[in-house]
Amino acid sequence: MIIVIIGAQWGDEGKGKVVDLLADRFDIVARYQGGHNAGHSVYVGEKAFVLRLLPSGIIHEDKTCVLGNGMVIDPKAFFEEVDQMTEQGISITPERLKISSRAHLILPYHRALDHTSEERLGNEKVGTTLRGIGPAYEDKAGRRGIRVSDALVPELLKSRIERNLAEANRVIVLYGREPLRSDEIFDEISVLAERLRPFVTETTHFLSEAKKANKKILLEGAQATLLDVDHGTYPFVTSSNPTAGGAAVGAGIPPHHITGVLGIVRTYATRVGEGPFPTEMLDEEEETANLIRQRGNEYGSVTRRPRRCGWFDAVATRYAAELNGFDSVALTKLDVLDALEEIKVCIGYEIDGERIETFPAVSQDLEKIKPIYERLEGWKSETVGITKVEDLPTKARLYVEFLSNSIGVEIGLISTGPERDQTILSLNSVMESWFK
Ligand code: GDP
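Here the structure is a predicted model, which is why all the values come from computation and not from measurement.

(A) Representation of the packing of aromatic side chains. Evaluation of the coordinates by the stated rule reveals nine aromatic pairs. Where Trp434 meets Phe435, the ring centres are 6.1 Å apart and the plane angle is 90°; that geometry is what we call edge-to-face. Using a relative accessible area of 6% as the deciding quantity, one classes Trp434 as buried. Cluster of aromatic residues (ring-pair linked, three or more members): Phe26, Trp434 and Phe435. Note that Arg25 overlies the ring of Phe435, its terminal NZ or CZ placed 5.0 Å from the centroid. Over the ring of Tyr373 we find Lys344, and its NZ or CZ is 4.4 Å from the ring centre.

(B) Highlighting the domain arrangement of the protein chain. The assigned domain composition of the protein chain is domain 1 (1-100 + 202-436) and domain 2 (104-196). When each unit is reduced to the centre of its C-alpha atoms, the spacing between domain 1 and domain 2 is 29 Å. When residues of domain 1 are sorted by the area they lose upon contact with domain 2, Val72, Pro75 and Phe79 head the list and together hold 27% of the total. Run the count over domain 1 and domain 2 and you get three salt bridges. One salt bridge connects Asp83 with Arg195, and the closest N-O pair in it is separated by 3.2 Å. At the junction of domain 1 and domain 2, the tally comes to eight residue pairs in polar contact (both at pLDDT 80 or more). Here the element with the most residues in the side of domain 1 that touches domain 2 is helix α2 (residues 75-87); it accounts for five residues. For the side of domain 1 that touches domain 2, the class distribution of residues is 11 nonpolar, 12 polar and five charged.

(C) Representation of helix α11 (residues 314-324) within the structure. Within α11, eight of the 11 residues are buried, which leaves it mostly tucked inside the rest of the structure. Residues of α11 that are buried include every one of Ala314, Val315, Ala316, Thr317, Tyr319, Ala320, Ala321 and Asn324, and no others. Regarding α11, its N-cap is Asp313, as a side-chain oxygen of that residue lies 3.0 Å from the backbone nitrogen of Val315 further along. Just past α11, the residue Gly325 takes up positive phi, approximately 65°.

(D) Region of interest: the site of the ligand. Taken together, 20 residues are adjacent to the ligand, and Gly16, His40, Lys333, Asp335 and Ser415 come closest. A distance of 2.8 Å separates an oxygen atom of the ligand from a polar atom in the backbone of Gly14. The separation between a nitrogen atom of the ligand and a polar side-chain atom of Asp335 is 2.7 Å. Here the ligand loses 96% of its free accessible area of 590 Å² to cover by the protein chains. Those elements that provide at least two residues to the shell around the ligand are α1 (15-22) and β3 (40-44). In the shell around the ligand, the residues fall into three nonpolar, 10 polar and seven charged.

The rules we used
Residues numbered from 1 in each chain as written. Predicted model: local features only at pLDDT ≥ 70, side-chain atom pairs only at ≥ 80, totals over all residues. Heavy atoms only, no water. Phe/Tyr/Trp six-rings, centres within 6.5 Å; stacked < 30°, edge-to-face > 60°. Buried < 20%, exposed > 50% of the residue type's maximum accessible area, 1.4 Å probe, protein only. Lys NZ or Arg CZ within 6 Å of the ring centre and 35° of its normal. Domains from an automatic or database assignment. Buried area = accessible area lost by both parts, 1.4 Å probe. Salt bridge = Lys/Arg side-chain N within 4 Å of Asp/Glu carboxyl O. Polar contact = N/O pair within 3.5 Å; in protein donor to acceptor, adjacent residues only side chain to side chain. Helix = DSSP H or I, 4+ residues; strand = E, 2+ residues; numbered from the N terminus. Nonpolar A, V, L, I, M, F, W, Y, C, P; charged D, E, K, R; others polar. Near = heavy atom within 4 Å. Areas by Shrake-Rupley, 256 points an atom, 1.4 Å probe, with all protein chains shown as cover.

Dropping the structure here:
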């Protein structure tokens, strides 16, 4: 059984919590794209874990985790995270963490290039996390990237760093920054590569054997659907494919081995960084945005950047459902809306006076969108920690049903707080069939 879990909106839907909650039902948790630009916050009792590169499953000591070939890995950031987790009492050994030999490395010059690339774009900058992820993917597509397996051969690592840095330094200097030294990079990375060696695995074979042995595998998407480099709000997107198709490529598994896809949908929307956001709460809705930001702790888990907040966008989420083929949805953060008098849901778009029902490809069009809203009454009472659908206020239930109908997918889990047990787990028949 292989299940993909993907954020349906612009990220931070609360995947971390859902994956952590469902991890018990799986043997292996794998990531398939992105790097340490992801940020999941998981709360277990008194402990708070912030995961960037490692899958959320790592918190469960009996799970094996995989960093797939579709990822880009900064070895320094990787060991910082491993050391941090070890300090918090989580043991991370090569037995329970496998890194694909085909994943690409993020090197110090990628970080420098991330800065220069954003400077070059000026007003059109993407608002990246400046961690070198985009430039590492550029090198991958440009066929000059350095893979984990290359780093294990010192002569190869050395010559590749020298070749790539000669080019990178030209750009770095052009933007008035200090050139980097290839001997320093090699000295740093070769030591880290040796530390990586025991974790390096042929992960396609590992996952294939696991499937044959009837192991249950969870593929954990980072970022989210509308940030997909092909399908998102291009160019304001991430540089990889978080969507379900990307899971097969990035984990190195046959697409038809995927049993099902679970979409993580939040009861409202947020976005970090630049780019179109049709339902953003602006001007007179600033106060509502602040309230949601506070109640929902809507600040980047890695960067602490305040997230832009907006209403639920059924057009965008329906698009995510079509694109990923959501079999079921986990709805998060219902409790955050407890305080609202009225809740708006965007049910259609109008561009230049014309009504459209589909999500447009062009970001200029997205900027022009006038959302068409349905207004629903708020329930104005506490739902924090509720664990049964019957205990929800009627208006909250109506809101949940409205969202489910508007995207055309059944909801199998409702999250009513950040803790594991603050959850309504009313598995629908699809999810029951996965976990039977
Ligand atoms: P992810 O990247 O999609 O995992 O999202 P993050 O973990 O960065 O952000 C989600 C934040 O919301 C975290 O602080 C979670 O603990 C928190 N969270 C998740 N689910 C809920 C929920 O149902 N209610 C509330 N109030 N907070 C939640």
